[in-house]
Amino acid sequence: MTAAPTVRAPRAAALPGTGRLGVERTRAELRAFFRERDAVIFIFTYPLIMLAIFATVFDGQDQGTGDYSVPFAQYFLPGMIATGVMLTSFQSLAISIAVERDDGSLKRLRATPLPAAAYFYGKVGLVLATSVVQTALLLALAAVVYDVPMPWDMPDAAGRLATFAWVFVLGCAAGAVCGVAFSSLPRSGRSATAVITPVVLVLQFISGVFFAFFALPTWMQTVASVFPLKWMAQGMRSVFLPEQAAALEPSGSWQHGATAAVLVAWLVVGLVVGARTFRWRRRDDG
Amino acid sequence: MTTTHPSPGSGGTGPGPGGPAVDVRGLRKSYGAKRAVDGIDLRVERGEIFAVLGPNGAGKTTTVEILEGFRHRDAGEVRVLGEDPQTAGRAWRSRLGVVLQDSRDQAELTVAELVRHFATFYPRPRDPDEVIDAVGLREKARTRTRQLSGGQRRRLDVALGIVGRPELLFLDEPTTGFDPQARRSFWALVRSLREDGTTILLTTHYLDEAAHLADRAAVVRAGRVVALDAPDRLGGPAARRPVVRWLDGGVRRSERTDSPTALVASLAARLAGPDGEVPGLEVVRPSLEDVYLELIGEPAAGADPDPAAPTRPAPADARTPDGPRAVVPEEARP
């Protein structure tokens, strides 16, 4: 009648869920990001400063051809928003992951039961939060100081905001996964900034951020069309410029289909390359 | 009416909770042509502090990183808490604590933020505040990591390593660069962890660290275990044979013997001066450092490493390490 004595190992407490850990990682990432003042200045306020400088210097010089032109700040803002997204996603992740690999943060996390997915959720949370805040600041600066009309005050406000949403989200996602993939390139954390900044700068010059895209030589336009920044900037122009401004694009239209296709392609390429090349340890660490 | 009970520990190869914390057999790992680990066997029992001693490049860190699951082995059997580190998952990781060799990461968060953050990774974490108290960082809880001293930084590493309530804690050269007082208090911390039931595997190249902390120590040289025992028994009795040293006509001589009294008596009969003293007479038992240096193939300063040549003049430039052993009599100096 007596039950056989059962020896049971103490039931292991459940491991914390990946989603909850992703939230914890996001909080830690945001805390650390905003405390690193130099990174905040370079990545976070750079587009604000650029917008302020360019919009002030070129005040009154409209961008366009003889037939049609828009105020400088209005044309410049979409490019700066696209740049901002590239900085907070691509540049920020490429540098921060390279540094974390170099200084042992990644190895330390690898030694804990933290799932890899939670680490990346934390990065996604960081990218989304910083991109949203940065874009909001850019919009505020443009609207208040430079009188740039906001999409919600323009015709087809709903359509513009929908376009903004998908270009923004796809741009963040593509930038983030490419940043993860690119982070394996610098040999050390110290060289990360030097390796990544020129890439970002060149893309800005050829993608219609600092110079009006229609004014660039055709070959440069062609090269830029391979990379996502040109398409993000073009997508953002379709949100912030009047419908007639589509005539200023080399193709004469906003090309939303092509924009989505290129961004999705970079998202997929970044995911595949990132997943294959990601390392928790330095290259020289076995 | 005979009942046989399996003697405890005899079936210890199994993965059950009673098995050893670490069981390694024939472990090998090469980097290109270099054999970093060349056939290591180790067994760490639950609840002990086990030290892996050896010079830089002996294969200590490679071995430990294989046990931690960071590196893949080329050959051999490895069981850590009953599982193969190469295939073990999150549940296994939650039972380990790892304190890596160098740490300069996570600079912007405070001590308390980091310990609390890492606690969320584990199913049954310790109370973060208690952990901060245990490592003596209460005063620094609100300080950012980058402002900590080296010793405080290492204490934080330990806090992050133990906050998950690990069954097994790896400490890889934990006190490198510490001042003597910081090392003492760090050792006290490690011993208190053992008293809480944590098994600790420690690598170090400090002998006094192994002597103070370890229940058992393995000496590793060129990827192999050359000795494994309690620190005060390493190398066996032969390595601890006393050395008798004296001056014979101004030439320093030494001999290793199991019967130093008899040797001293014969020396006294042969060499004692008018005052009845043998010049420069010393009877010295090899220190752990002497034994260790001999094991890793360095010429020891105090002990005569070559039993085949029991009597010979001491080298003119006898090495003088900072141990208490290197007492060279005044008369022996030119």
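Residues numbered from 1 in each chain as written. Chains lettered and ligands numbered in written order. Predicted model: local features only at pLDDT ≥ 70, side-chain atom pairs only at ≥ 80, totals over all residues.

If you check an unreviewed UniProt entry, chain B appears there as ABC transporter ATP-binding protein from Cellulosimicrobium composti. The Sequence similarities (unreviewed entry) field of the UniProt record for chain B holds the comment "Belongs to the ABC transporter superfamily." Comment text from UniProt for chain B, heading Subcellular location (unreviewed entry), reads "Cell membrane". (UniProt positions renumbered as here; feature names shortened; annotations may be inferred.)

Identification of chain A as Transport permease protein from Cellulosimicrobium composti is taken from an unreviewed UniProt entry. In UniProt, chain A has this text filed under Sequence similarities (unreviewed entry): "Belongs to the ABC-2 integral membrane protein family."

This part takes up the sheet that holds strand β2 (residues 34-44) of chain B. Residue and element names in this part refer to chain B. One open sheet accounts for three strands, arranged β2-β1-β4; its pairing is antiparallel. Edge positions in the sheet fall to β2 and β4 (75-80), since each has one partner strand and no second. Neighbour-to-neighbour, the strand axes of this sheet turn through a mean angle of 25°, independent of strand direction. With eight bridges connecting them, strand β1 (residues 22-31) and β2 associate as antiparallel partners. Directly across from Leu 27, in β2, lies its bridge partner Ile 40. Contacts between helix α1 (residues 60-67) and the sheet are confined to β1, β2 and β4, with β1 contributing the most and set at about 120° to the helix. (Pairing = 2+ DSSP bridges. Helix = DSSP H or I, 4+ residues; strand = E, 2+ residues; numbered from the N terminus. Axes fitted to C-alpha atoms, helices over the stretch in contact; angles between N-to-C directions. Contact = placed C-beta atoms within 7 Å.)

On to the interface of chain B and chain A. Chain B puts 25 residues into the contact, and the matching count from chain A is 26 residues. Where the side of chain B that touches chain A is concerned, the elements lending two or more residues are α2 (90-93) and α3 (111-119) of chain B. Grouping the amino acids of the side of chain B that touches chain A by side-chain chemistry returns ten nonpolar, five polar and ten charged. (Nonpolar A, V, L, I, M, F, W, Y, C, P; charged D, E, K, R; others polar.)

Let's shift gears to the domain arrangement of chain B. Think of interface size as the accessible area that goes away when the parts come together; that is how it is often given. Residue and element names in this part refer to chain B. According to the domain assignment, chain B consists of domain 1 (22-233) and domain 2 (238-317 + 324-332). Counting residues at the interface gives ten residues for domain 1, matched by six residues for domain 2. Looking at the side of domain 1 that touches domain 2 residue by residue, the class counts come to eight nonpolar, one polar and one charged. (Domains from an automatic or database assignment.)

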